[in-house]
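For reference, the chains in residue letters:
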Amino acid sequence: MKHSRLTRMAVAFALITMPSLAQAQLLKGKLVNIKEDIALNYAPDGNIMFSQYHDLKVADDGTFTFDMEMPQPTADVIIYVGEKGTLGAQLVKGKTVEMTVTKVDGDLQVTFKAPNTDVCRFLNQKAKSFDMANYDAMDPSQRKPNAEYRALLEKENVKVKALLPKIKDKKLRAYYSQLAEAEYKWLKVRLIADDCEHKKIDRRTNAELQELLKGLDVNDPINYQTNLSLWVLLNKAKSDMAGSNEAYCYELMEVTNQLVSNPNLRKQMVQVIGQNYYIYGDGSGNYEEFSKRFREFAGEHANIADGMYKQFMEVKKSKEKTATGTPAPDITLDLPDGKQVQLKDICKGKFTYIDVWATWCGPCKMEIPHMAKLVERFKGNDKVQFISISVDENVEAWKKMIAADKPQWAQYNIHGKTNQQFSADWGITGIPRFIMIDKNGNIFAADATRPSNEETAKTIEEQTK
């Protein structure tokens, strides 16, 4: 599904799945001659970083429904069909929106029967045109020149703008005009920043990017929703991310205290700063002092700070338990046919390279071709083995993908409490994650280099001579 699209925008943010509650059906739909999974994404405050993600069940005849409690009179939603289809609609409290989705020449066409068809058509075009997946290929080998993405954005922006005049309500038309402009600008900022990263240029020195961010009100709700506010704040930090990221995080706290009055944006900055220190930092520095100051900064969101600190300490402890040379924690693995094996039994007598992944993880899937090359490179070397451990809760999706791709190395799955235990044992807070275990069943590297890193093959060669 589309977790990968959300992950690109908010790595390590939790996706919350809410149960469907029985009331008036807010959405009725039908997929015509389309056999794909479908999911719905809803952001209560408009910011996708705090989205609620719902897998929808499609009946044999292609129909699906969706209900939820509506805190507001309307809810703008994004609907994902398979890996490449992105649609949009607006749900209305107490009413039903109907949509029929048909594939025409590879493109998804939608017809609406709704009290707000004009808004639904606009949101559908906006979702399709401004989908970040259009401008950032997950596979680096498929990535287009930045200039092509920039040209595509201009073309798609024209399509979005063309539907604005058809929104009947003047206030809604004005609101969506501002929202569309902000989303367009956000994508432009992202493309400039991506180009700077590719060229190894400090984006803070790019004049076009600075002009786009100049004068933006960080507390404006639309700038918050589209993450323009976040870019403005990150852009003001003069420190670079390095080591523990301590200096960088302290500077972001100061910038936030000076400029932010929007409560939703402040909550977002608590998340972002915590991430940068506890997840992306290397764990060095005075983490006790940082945690004290960070909690004070978090204020009413101290529970978020406490949760991140707790996770950080658990990871720190797990790193101590998974030091090189210590016995690898054992776990029960599920095979595609339903049988089970123990990790310790698999690893006996061979150097083992483990890929921890999921079907919904874009960066994970980017490493699969490189994993395949590693497997082929060491084919015939009986001193090494390669295994992939999926953490998919949707086991059927995992089985479906490996049945289609037919990887030439062993595939296993862990889910539920088993996955929770595995993640705790190894200190896993994000995937993909790679692990090396020596022939004696001891840990060689609890957080190993990726298959795409040329050092990985060198390490395996040295350990399997």
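Residues numbered from 1 in each chain as written. Predicted model: local features only at pLDDT ≥ 70, side-chain atom pairs only at ≥ 80, totals over all residues. Heavy atoms only, no water.

Trainee: Where do I start with the packing of helix 8 (residues 246-259) against helix 9 (residues 263-279) in this structure?
Mentor: Between two packed helices, what matters for the description is the angle formed by their axes and the separation of those axes. For the pair helix 8 and helix 9, interaxial distance at closest approach is 9 Å and the crossing angle is 170 degrees. By the angle between their directions, the pair helix 8 and helix 9 is classed as roughly antiparallel. Note on element contacts: helix 9 touches helix 8 through R266, M269, I273, N276 and Y277, opposite E246, Y248, C249, L252, M253, T256 and N257. Of the residues in the contact of helix 8 with helix 9, the class split is seven nonpolar, three polar and two charged. (Axes fitted to C-alpha atoms, helices over the stretch in contact; angles between N-to-C directions. Helix = DSSP H or I, 4+ residues; strand = E, 2+ residues; numbered from the N terminus. Parallel < 35°, antiparallel > 145°, perpendicular 65-115°, else oblique. Contact = heavy atoms within 4.5 Å. Nonpolar A, V, L, I, M, F, W, Y, C, P; charged D, E, K, R; others polar.)

Trainee: What is the right way to look at the pattern of salt bridges in this model?
Mentor: Side-chain pairing between opposite charges can occur once the charged atoms of the two side chains come close. A complete count under the given rule lists 16 salt bridges for this structure. Measuring nitrogen to oxygen at the nearest pair gives 3.1 Å for the salt bridge that ties K159 to E156. Linking K159 with E156, this pair stays in helix 3 (residues 146-163), spanning three residues, or about one helical turn. Judged by its relative accessible area of 37%, K159 is partly exposed. (Salt bridge = Lys/Arg side-chain N within 4 Å of Asp/Glu carboxyl O. Buried < 20%, exposed > 50% of the residue type's maximum accessible area, 1.4 Å probe, protein only.)

Trainee: In this structure, what is going on with the side chain of S318? I would like to understand it.
Mentor: Note on placement: S318 falls in helix 11 (residues 302-321). Judged by its relative accessible area of 1%, S318 is buried. Every residue in contact with S318, bar those within four places of it in the chain, is listed here: A424, D425, W426 and G427.

Trainee: Would you mind going over helix 16 (residues 454-463) with me for this structure?
Mentor: Helical geometry note: an α-helix holds 3.6 residues per turn, so side chains three or four residues apart project in the same direction. Turning to helix 16, its buried residues are T456, A457, T459 and I460. When helix 16 is viewed along its axis, its buried side chains cluster within an angular range of 160 degrees and face the same direction. Exposed residues lying more than 90 degrees from the buried face of helix 16 are E454 and E462. Looking at where helix 16 begins, the residue whose side-chain oxygen comes 2.9 Å from the main-chain nitrogen of E455 is N453. (Arc of directions from axis to C-beta. Polar contact = N/O pair within 3.5 Å; in protein donor to acceptor, adjacent residues only side chain to side chain.)

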